[in-house]
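# Breakdown of the fold
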Amino acid sequence: MNAHMRLASAMARLGARASTIAQQAGISAGAARRLYMEVHGRCSPPGQMPASMKYFAQPIPRVHASLFLHFFEPRLSRGLGLGEAATLAFADYAAAAGEAVEFDFERAFFLAKVFAAQQSRPGREIRKRPCRKCGTQYYVMHPIDASDRHICPLCSGRVQASLAIRQRFGDSLERSER
């Protein structure tokens, strides 16, 4: 199996849509659709791809986005291509998060694309900042959070509040904003 097909196969196993697989692995759309069908036993899902960073402004997705980007950034910096870096990072993120995986491969890939595009631009939207209370490095996506006064979602209590809402009302309340 050549490198393109290994990447395509890994992306398919992680849930990438056929269009993303074809584009990133350099295989035909038909081959990507067949591969997706072979791996999942159904057609690749249709519909719009993620196109907004708004989702990542919520407390729990922000924590998970930071975890994913901690796996993604070093791979991108070492010169791996976007597809390969995102695939390896998402596999590590999914393994680390376990049952608590917050977003799918396509949302992670969108975040990776935005992050990679902003690396060469000053005034980036996504920046790494330490939490003022615990010192943990978080990727922040808002100008206020990018200041030296940044407090992470865990220390601020926003994650705990979001989890309490999920427990009381179920996942549908917060996930409906996706």
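Above this text sits the structure in question.
The sections below set out a description of the structure shown in this document. Per chain, the residues get numbers from 1 upward, laid out in the order the sequence is written. Local features in this predicted model are restricted to residues of pLDDT 70 or higher, and side-chain atom pairs are both shown and tallied only at a pLDDT of 80 or more, whereas totals for entire chains, interfaces and linings draw on every residue. Processing note: side-chain calculations cover all non-hydrogen atoms of the structure and skip hydrogens and water entirely.

Helix and strand definitions here come from DSSP, where helices need a minimum of 4 consecutive H or I residues and strands a minimum of 2 consecutive E residues; each element is numbered from the N-terminal end. Secondary structure assignment for the chain yields 9 helices and 2 strands. In the chain, the succession of helices and strands from N to C terminus is α-α-α-α-α-α-β-β-α-α-α. Within the span of the chain, comprising 178 residues, buried residues form 42% of the whole. Contact between two residues is taken to exist if any of their heavy atoms lie within 4.5 Å; hydrogens are not considered. A fraction of 52% describes how many contacts in the chain between residues 6 or more apart in sequence connect residues 24 or more apart. In this scheme, a residue with accessible area under 20% of its type's maximum is buried, one over 50% is exposed, and one in between is partly exposed, where area comes from a 1.4 Å probe on protein chains only.

On to the pattern of salt bridges, then. The working definition used for a salt bridge is a side-chain nitrogen of Lys or Arg within 4 Å of a carboxyl oxygen of Asp or Glu. Across all of its chains, the model carries 2 salt bridges by this definition. Where Glu-73 meets Lys-128, a salt bridge forms, and the shortest distance between an N and an O atom there is 3.3 Å. One end of the pair, Glu-73, is in helix α4 (residues 59-77); the other, Lys-128, is in strand β1 (residues 127-130), and 55 residues separate them in sequence. We note a salt bridge from Asp-92 to Arg-75, for which the minimum N-O separation is 2.6 Å. One end of the pair, Asp-92, is in helix α5 (residues 82-97); the other, Arg-75, is in helix α4, and 17 residues separate them in sequence.

For helices, the fitted axis covers only the stretch in contact; all axes are lines through C-alpha atoms, and the angles between them, taken along N-to-C directions, range from 0 to 180 degrees. Packing of α4 against helix α6 (residues 105-118) leaves a shortest axis separation of 10 Å and a crossing angle of 55°. Classified by the angle their axes make, α4 and α6 are oblique. As for how α4 packs across α6, the hand of that crossing is right-handed. Contacts between α4 and α6 pair Ala-65, Phe-68, Leu-69, Phe-72, Glu-73 and Leu-76 from the former with Ala-108, Leu-111, Ala-112, Phe-115 and Ala-116 from the latter. For the contact of α4 with α6, a count of residues per class yields 10 nonpolar, no polar and 1 charged. Roughly parallel refers to an angle under 35 degrees, roughly antiparallel to one over 145, roughly perpendicular to one between 65 and 115, and oblique to any angle outside these ranges. Less than a right angle of anticlockwise turn of the near helix away from the far helix marks a crossing as left-handed, whereas a clockwise turn marks it as right-handed. Residues were grouped as follows: Ala, Val, Leu, Ile, Met, Phe, Trp, Tyr, Cys and Pro as nonpolar; Asp, Glu, Lys and Arg as charged; and all remaining residues, including Gly, as polar.

A few words now on the packing of α5 against α6. The geometry of a pair of packed helices is captured by two quantities: the angle between their axes and the separation between those axes. It is at 10 Å that the axes of α5 and α6 come closest, and there the two elements cross at 130°. The pairing of α5 with α6 is recorded here as oblique in orientation. Viewed along their axes, α5 and α6 form a crossing whose handedness is right-handed. For the pair α5 and α6, contact is made by Leu-82, Gly-83, Ala-86, Thr-87 and Phe-90 and by Phe-105, Ala-108, Phe-109, Ala-112, Lys-113 and Ala-116, respectively. Of the residues in the contact of α5 with α6, the class split is 8 nonpolar, 2 polar and 1 charged.

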